[in-house]
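# Topology and contacts: notes
Listed here are the chains, written in short residue letters.
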Amino acid sequence: MKGAAVFWIGALASLSLVLASVPKASPSAVLQTRLDGYVMAVQASIEAQELWLDLDTGGLHTIVDSGTAKALNLPIAGTLQIGGAGKGAVAAFKLRPFAIRLQNITFHPSDPLAVDLSHAGSAIGARGLLGFDFFSQYVVSFNYDHSTVALYDPATYRYDGAGVRIPLVIRPPRAFVSAVVSAPGVAPERHLLRLDTGSSDSVDDDIILRSNEVKKTVTGGVGIGSRFKTQIGAISSLQIGPYTLHNDLLSVTGGVQLIGSQVWHRFNIVFDFSRRCMYLEPRRSPQK
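Residues numbered from 1 in each chain as written. Predicted model: local features only at pLDDT ≥ 70, side-chain atom pairs only at ≥ 80, totals over all residues. Heavy atoms only, no water.

With that settled, the discussion passes to the confidence of the model for the protein. Predicted confidence across the protein gives a mean pLDDT of 89, with 86% of residues reaching 70 or more. Segment residues 4–21: pLDDT under 50, and one contact once partners within four positions in sequence are set aside and those in other chains are kept. (pLDDT = per-residue confidence, 0-100. Contact = heavy atoms within 4.5 Å.)

All right, on to the layout of surface pockets then. By volume, the second largest pocket is sized at about 540 Å³. Around the second largest pocket, the lining is made up of 25 residues, and of these S141, N143, Y152, V270 and E281 lie nearest the centre. For the lining of the second largest pocket, the secondary structure elements donating two or more residues are β11 (139–143), β12 (148–152), β24 (267–272) and β25 (277–282). Considered class by class, the residues forming the lining of the second largest pocket number 13 nonpolar, six polar and six charged. (1 Å grid on protein atoms, 1.4 Å probe; cavity = no way out; pocket = protein on both sides within 12 Å on 5 of 7 lines; lining within 4 Å. Points joined across faces, edges and corners; volume = space filled by probe spheres on them. Helix = DSSP H or I, 4+ residues; strand = E, 2+ residues; numbered from the N terminus. Nonpolar A, V, L, I, M, F, W, Y, C, P; charged D, E, K, R; others polar.)

Structurally, K215 is set in the loop between β17 (203–204) and β18 (216–220). Within the structure, the side chain of K215 is placed 3.1 Å from the backbone oxygen of S211, a separation counted as a polar contact. Once residues lying within four places of it in the same chain are set aside, the contact partners of K215 are I208, L209, Q231, I232 and G233. (Polar contact = N/O pair within 3.5 Å; in protein donor to acceptor, adjacent residues only side chain to side chain.)

Turning next to the pairing of β12. Remember that side chains alternate between the two faces of the sheet whenever the strand is regular. The buried fraction of β12 is high, at five of five residues. The side-chain alternation of β12 yields two buried faces, one formed by T148, A150 and Y152 and the other by V149 and L151. Inspection of the sheet shows β11 paired to β12 by five bridges, in the antiparallel sense. By the bridge assignment for β12, N143 is matched with T148. Remark: four residues form the turn of the hairpin made by β11 and β12, two consecutive strands paired antiparallel; S147 in that turn has positive phi of roughly 55°. (Buried < 20%, exposed > 50% of the residue type's maximum accessible area, 1.4 Å probe, protein only. Pairing = 2+ DSSP bridges.)

Here we take up the pairing of strand β16 (residues 186–195). When strand β15 (residues 174–183) meets β16, the two strands line up antiparallel, connected through seven bridges. The residue bridging V177 from the neighbouring strand is L193, located in β16. Two successive antiparallel strands, β15 and β16, enclose a turn made up of two residues, where G185 displays a positive phi of approximately 85°. Bridge count between β16 and strand β23 (residues 258–259): two bridges; the pairing is parallel. Along β23, the bridge assignment pairs R194 with L258.

Turning our attention to the environment of G37. Residue placement: G37 occurs in the loop between β1 (29–36) and β2 (39–46). The exposure class assigned to G37 is partly exposed, which follows from its relative accessible area of 44%. Along the chain, G37 and G198 lie 161 residues apart, while their C-alpha atoms are 9.7 Å from each other. Not counting residues up to four positions away in its chain, the partners in contact with G37 are A123 and S200.

A few words now on the environment of S147. Looking at where S147 falls in the secondary structure, it is placed in the loop between β11 and β12. Between the alpha carbons of S147 and L35 there is a distance of 8.4 Å; along the sequence they are 112 residues apart.

Below, the discussion takes up the pattern of salt bridges. Across all of its chains, the model carries five salt bridges by this definition. A salt bridge links R283 to D145, with the shortest nitrogen-to-oxygen separation between them at 3.0 Å. Taken together, the residues R283 in the segment after β25 and D145 in the loop between β11 and β12 connect sequence positions 138 residues apart. Looking at R283, the relative accessible area reads 16%, which means it is buried. The exposure class assigned to D145 is partly exposed, which follows from its relative accessible area of 24%. (Salt bridge = Lys/Arg side-chain N within 4 Å of Asp/Glu carboxyl O.)

Within the largest apolar cluster, 59 residues are counted, with the highest numbers of intra-cluster contacts made by F134, F142, L238, I240, W264 and M278. If you tally residues by element for this core, the top one is β15, at five residues. When residues no more than four places from it in sequence are discounted, the contact partners of M278 are V164, R165, I166, L168, V177, L195, W264, I269, V270, F271 and D272. By size, the runner-up hydrophobic cluster in this structure holds eight residues, among which are A25, A150, Y157 and Y279. (Core = buried A, V, L, I, M, F, W, Y, C linked by side-chain atoms within 4.5 Å.)

Right, dumping it as structure tokens:
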């Protein structure tokens, strides 16, 4: 038995040396960001024109504002109707392949669209968004403390941070996270909610319709689509993995059930869609 113990100790030591020798993944690019509400945005270049694009895990497509697409002479391949945060559908233009430059990276979106974003409510005048296809091509690391986004090659990426691994449910072109939600008078329930970094909301979940709290009727639907009347109420708690949040969690009803960036900005996050997970690490600096 003593010899077996020595063997295992030696094997573990050898394994530790092997793991230590694995080089830390270097980012392909580190981008400076701005906050568009609570949404991360990066500066990109299309046809030598610089513009800000929101980073939107909830975006089913990479989208460019239709006015911007026209000004850049991006070729149109057809038309369709799409939905968004608002009610109903809006007209969109299918775009032929084009390149988006992000520092030294060239991203070629799959099935890009042009949509009128003039009423989308951007706080910084963002002219588009990088959607699910972007997050599927790179490991994307949000560092809110440093106002940066780092992009990695999934094939060589290895997480070595202090965050907690959270499994994701990937149903292209959508990503979901399992969370436990409660409302006043409603016991905690486990729900599968859209992972939506493109929304500045906190938690949008119809659980509040069953709460014993008085709800307020407001106009919702900022984004793609028409505005609509909705109810807003409080979420008592939200648990994601080992983390439970209680403060400032308001929910609106009648739209996509999601967790938005008013929650996600409380963490530094690595999104690794290739491994169907993300890593959450509570922020160290004060949150604005």
